[in-house]
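Below are the chains, spelled out letter by letter.
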Amino acid sequence: MKRKILPLFVLFWVLGHIQFMAQPPKGQFSPQDFVKHLESFIVREACLTPAEATAFFPIFHELHDKQRGINWQIRELKKRSLPAHSTDKDYYNLIKEINKLKIESAELEDVYYKKMCKAVPARKVHEAMQAEDRFHRRMLRKFSSRTGPSKSKHSSPCCAFLFQVHF
């Protein structure tokens, strides 16, 4: 009798363990789920038909993928430390490079919004833009309420002084 129960117990334990491992831990961010929720929110808020959604989202995601690359470059430039002997001209050139990337991102957005307006009525593109902003604000509110009160990033004495004086 023990010989029959032990394999069954092991089988059920393995199956239960596999199902448990297949589920993402609670509270862990999933980019795929985020995109699914974003898309369904935009479809609902902008009243996109299935055909419009099929035409809209590939362009939408292509734009955001390209902008993500540009934003990564901007972030890397902002993190760059110039040597101690750098001049104002060196810093100015760094700022110009960052601004050039920001302009490139805005021009890219212009091109892709024109593509979206060819695929979907402009009113719905505008509503989708507004829905995306609302979705991000809601997500930010949701995540910030989960983490609790955050500490101020401004910890240097100079910034602390400025915040005391102006705020």
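If you're wondering where the values come from, they're calculated on a predicted model, not measured in any experiment. (Residues numbered from 1 in each chain as written. Predicted model: local features only at pLDDT ≥ 70, side-chain atom pairs only at ≥ 80, totals over all residues. Heavy atoms only, no water.)

**A look at the packing of helix α3 (residues 50-79) against helix α4 (residues 88-119)**
The contact between α3 and α4 brings their axes to 10 Å, and the two run at 180 degrees. Of the possible angle classes, the one that applies to α3 and α4 is roughly antiparallel. The residue inventory of the contact of α3 with α4, partitioned by class, reads 16 nonpolar, 3 polar and 8 charged. (Axes fitted to C-alpha atoms, helices over the stretch in contact; angles between N-to-C directions. Helix = DSSP H or I, 4+ residues; strand = E, 2+ residues; numbered from the N terminus. Parallel < 35°, antiparallel > 145°, perpendicular 65-115°, else oblique. Nonpolar A, V, L, I, M, F, W, Y, C, P; charged D, E, K, R; others polar.)

**A closer look at the pattern of salt bridges**
One pass over the full model with this rule turns up 7 salt bridges. For the salt bridge of Lys124 with Glu52, the shortest nitrogen-to-oxygen distance reads 2.8 Å. With a gap of 72 residues between them, Lys124 in helix α5 (residues 122-147) and Glu52 in helix α3 connect regions that are remote in the sequence. Its relative accessible area of 11% is what places Lys124 among the buried residues. Since its relative accessible area comes to 14%, Glu52 is described here as buried. Arg123 is paired through a salt bridge with Glu127; the nearest N and O atoms lie 3.2 Å apart. Of the two residues, Arg123 and Glu127 both sit in helix α5, 4 residues apart, roughly one turn of that helix. For Arg123, a relative accessible area of 53% puts it in the exposed group. (Salt bridge = Lys/Arg side-chain N within 4 Å of Asp/Glu carboxyl O. Buried < 20%, exposed > 50% of the residue type's maximum accessible area, 1.4 Å probe, protein only.)

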